[in-house]
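Listed below are the residues making up each chain.
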Amino acid sequence: MRKSLKIKKVKKMIMKRFKLEIELVPATAWFSSLYRLMPPDRWTALKREVYAKEGHKCYICGTSEGPFELHEFWEYDDERHVQKLIGVHHLCRLCHKIKHIGFWCYTEEGRIKLEKEGLTREDLIRHFCQVNNCSYDDFLKHEEEAFDIWERRSKHEWRQDFGEYNKYIKIK
């Protein structure tokens, strides 16, 4: 089976299994996001727009306990190496940290920031398991699969498709 098909099958399995999942952006696409390409005032306006539309709660776990952070949801075409922005939603700080667990738990900067917030990797895992009604072992398997996909995707350069969000990007 070709690797890209295998990645798609694993990704579909993860998607079906968990409400909250780890999403690791390929290293070759780091720092190229809607957030980084938008003028700050437009990002703030988009955050307000999404907040008003979705209500004062986390898009994934439903908590109304803020603060909330706007997260970009991407879809990957592993054959053509296209990363497509499919939505932006507000997430609570724990769901958002799970999405970016590679930063928060596997970089020195992330671990220091996590500790300053009074959180640990175990807190993130507990949240993941609670939201997904799964075991610690389920989390570990999911994390391993997510990092395997990330490693394969990081070997390629990605073209980005901002779709309906192109209108927000700063023209240079």
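Residues numbered from 1 in each chain as written. Predicted model: local features only at pLDDT ≥ 70, side-chain atom pairs only at ≥ 80, totals over all residues. Heavy atoms only, no water.

Participant: I keep staring at the pairing of strand β2 (residues 82-92) and nothing clicks. Help me out?
Facilitator: Successive residues of a regular strand alternate their side chains across the two faces of the sheet. With 9 of 11 residues buried, β2 lies mostly within the body of the structure. As defined by bridge partners, strand β1 (residues 68-77) adjoins β2 across 10 bridges and the pair is classed as antiparallel. By the bridge assignment, glutamate 72 is partnered in β2 with valine 88. The turn linking β1 back onto β2 is made up of 4 residues, and histidine 81 within it adopts a positive phi angle of 60°. (Buried < 20%, exposed > 50% of the residue type's maximum accessible area, 1.4 Å probe, protein only. Helix = DSSP H or I, 4+ residues; strand = E, 2+ residues; numbered from the N terminus. Pairing = 2+ DSSP bridges.)

Participant: Hey, could you run me through the confidence of the model for the protein in this one?
Facilitator: Any segment with low pLDDT has predicted coordinates that should not be analysed in fine detail. Here the protein averages 89 in pLDDT, and 89% of its residues register 70 or above. Here helix α1 (residues 3-17) stands out as the element of the protein with the lowest mean pLDDT, 52, in contrast to helix α7 (residues 121-132), whose mean of 98 is the highest. Note that residues 12-16 has pLDDT below 50 and, in this model, 6 contacts with residues that lie over four places away or in other chains. (pLDDT = per-residue confidence, 0-100. Contact = heavy atoms within 4.5 Å.)

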